[in-house]
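# Summary of structural features
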Amino acid sequence: MRAFEVVTLLCLVCGVVTVSSNSLWRPWTKLILTHHWPQTFCTMEHCKQHFKYWTLHGLWPDSGIACNRTWKLNMTEIQDLIPEMDKYWPNLIHPTKDDFWKYEWCKHGTCAATAESLNSQHKYFSKALELYKMFDLTGTLLKAGIVPADTNYKLEDIEGAIVQAYGAKPKIQCHHDQSNKQGEQHQQLGQIEICINRDFKPVNCERSLEDLWGEVNEIVPLQFNKPSGFSVCDHEEPVQYPPVKEKFEVSTNTSKFLLSGQRC
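Fair warning: this is a prediction, and the values are worked out from it, not measured in the lab.

Rules of the game
- Residues numbered from 1 in each chain as written.
- Predicted model: local features only at pLDDT ≥ 70, side-chain atom pairs only at ≥ 80, totals over all residues.
- Heavy atoms only, no water.
- Core = buried A, V, L, I, M, F, W, Y, C linked by side-chain atoms within 4.5 Å.
- Buried < 20%, exposed > 50% of the residue type's maximum accessible area, 1.4 Å probe, protein only.
- Helix = DSSP H or I, 4+ residues; strand = E, 2+ residues; numbered from the N terminus.
- Contact = heavy atoms within 4.5 Å.
- Pairing = 2+ DSSP bridges.
- Phe/Tyr/Trp six-rings, centres within 6.5 Å; stacked < 30°, edge-to-face > 60°.
- Expected span 1.5 Å × (residues − 1).
- pLDDT = per-residue confidence, 0-100.
- Disulfide = S-S within 2.5 Å.
- Axes fitted to C-alpha atoms, helices over the stretch in contact; angles between N-to-C directions.
- Parallel < 35°, antiparallel > 145°, perpendicular 65-115°, else oblique.
- Nonpolar A, V, L, I, M, F, W, Y, C, P; charged D, E, K, R; others polar.

With that out of the way, let us pick up the nonpolar core. Trp89, Trp101 and Phe125 are the most contacted members of the largest nonpolar core, which totals 48 residues. Top element by residues in this core is helix H5 (residues 121-134). It accounts for six residues. Sequence-distant contacts of Trp89, defined by excluding residues within four places in its chain, comprise Leu56, His57, Gly58, Leu59, Glu84, Phe100, Trp101, Glu104, Tyr124, Phe125 and Ala128.

Structure representation (structure tokens):
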């Protein structure tokens, strides 16, 4: 039975067949609280806002994509959360639009909602904000002496600071760019994922074979979304944690990472 399901999933990725996503996904076992560093993101896209702290990208269950496309986000249900969402979960490209939140709800929130603790739009977004504050990456890195600067860090030091604070191993992603005159590649700290179990306790983000089956964000990267431009950081290479600049130099050698105008 598993072999048949794997073949079906591969066909979905290739676009050979069209099947209901709900028939393929196992129940999720953990959530991925994803932060990104705006300075790195904004070298990849034309941003309209500047932030000096890590902002929230999303809260993603490790299984399922767009589990109920008919369940549209009703902004009136989360009206009281919008001031905090504008601050901590902003649309960096189009600040006045709410399509980023609508996309995150459609793609991830409707799947997270299979848990009673997240089974409403207000529960989902408020829990994401609560977890964002609980896992304060800006403060955690600062406490370890890791600050945005024109210098390099070891990936193990960044990872170690997070493990020391939360007791679980994160997934750290970088933007890899060839921008110097010698054409050498360097990596900039871009995105950090904190994994959380169904009781909202941190767990390691290392992927087992079972995780690989369930992690549809990895297995089906192009079916529902465009490439992010981030990939797992190389442990052998130094990591840049770029300082905030008022004017961004946008790379011309990167995949588009859209925060608005996306379709779920």
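Moving on, we get to the side chain of Ser63. Note on placement: Ser63 falls in the loop between strand E2 (55-61) and helix H3 (82-88). Judged by relative accessible area, which is 3%, Ser63 ranks as buried.

This paragraph deals with the pairing of E2. Most of E2 is tucked away, with seven of its seven residues classed as buried. Taken together, the six bridges between strand E1 (residues 30-36) and E2 define a ladder with antiparallel strand orientation. Residue pairing for E2: Leu33 is matched across the bridge by Leu59.

Moving on, we come to the packing of aromatic side chains. Scanning the entire structure with this criterion turns up 14 aromatic pairs. Pairing Tyr88 with Tyr132 gives two aromatic rings, centres 5.1 Å apart and planes at 40 degrees, and the pair type is tilted. Residue Tyr88 is found in helix H3, and its partner Tyr132 is found in helix H5; the two are separated by 44 residues along the sequence. The class of Tyr88 is buried, set by a relative accessible area of 18%. Look at Tyr132 and you get buried, because its relative accessible area is 9%. When the ring of Trp89 is compared with that of Tyr124, the centres are 6.5 Å apart and the planes differ by 55 degrees; the resulting orientation is tilted.

Okay, unusual backbone geometry next. At Ala66, a position not held by glycine, the phi torsion is positive, near 50 degrees. Locating Ala66 in the fold gives a position in the loop between E2 and H3. On the basis of relative accessibility, which here comes to 4%, the residue Ala66 falls in the buried class. Phi at Phe200 is positive, roughly 65 degrees, even though this residue is not glycine. Along the chain, Phe200 falls in the loop between strand E5 (185-197) and strand E6 (202-203). The class of Phe200 is buried, set by a relative accessible area of 15%.

This part takes up H5. Taking 1.5 Å per residue as the helical rise, H5 with its 14 residues ought to reach 20 Å, and the 20 Å between its terminal C-alpha atoms agrees with that figure. Looking only at H5, the buried set comprises Gln121, Tyr124, Phe125, Lys127, Ala128, Leu129, Leu131 and Tyr132.

What follows is about the environment of Ser231. Positionally, Ser231 belongs in strand E7 (residues 231-232). Exposure remark for Ser231: the relative accessible area of 34% places this residue in the partly exposed category. Separated by 60 residues in the primary sequence, Ser231 and Lys171 place their C-alpha atoms 9.9 Å from one another. When sequence neighbours within four positions are dropped, the list of residues in contact with Ser231 reads Ile172, Gln173, Cys174 and His176.

Below, the discussion takes up the confidence of the model for the chain. On average, the chain scores 81 in pLDDT, and the residues at 70 or more come to 72%. Confidence drops under pLDDT 50 across residues 1-23; counting only partners more than four residues distant or on other chains, this segment forms 23 contacts. Note that residues 252-261 has pLDDT below 50 and, in this model, 32 contacts with residues that lie over four places away or in other chains.

For the rest of this paragraph, the subject is the state of the cysteines. Counted according to the given criterion, the structure contains four disulfides. Here Cys67 engages in a disulfide with Cys111; their sulfurs sit 2.1 Å apart. Looking along the S-S bond of the Cys67-Cys111 disulfide, the torsion reads about 105 degrees, which is the right-handed sense. Of this pair, Cys67 sits in the loop between E2 and H3 while Cys111 sits in helix H4 (residues 99-112), placing them 44 residues apart in sequence. On the basis of relative accessibility, which here comes to 2%, the residue Cys111 falls in the buried class. The disulfide partner of Cys195 is Cys205, and the gap between their sulfur atoms is 2.0 Å.

Turning our eyes to something else, we now look at the packing of H4 against H5. Where H4 contacts H5, the axes come no closer than 10 Å and their chain directions differ by 100 degrees. With respect to H5, the axis of H4 lies roughly perpendicular. On H5, the residues touching Trp101, Glu104, Trp105, His108, Gly109 and Ala112 of H4 are Gln121, Tyr124 and Phe125. Residue composition of the contact of H4 with H5, by class: five nonpolar, three polar and one charged.

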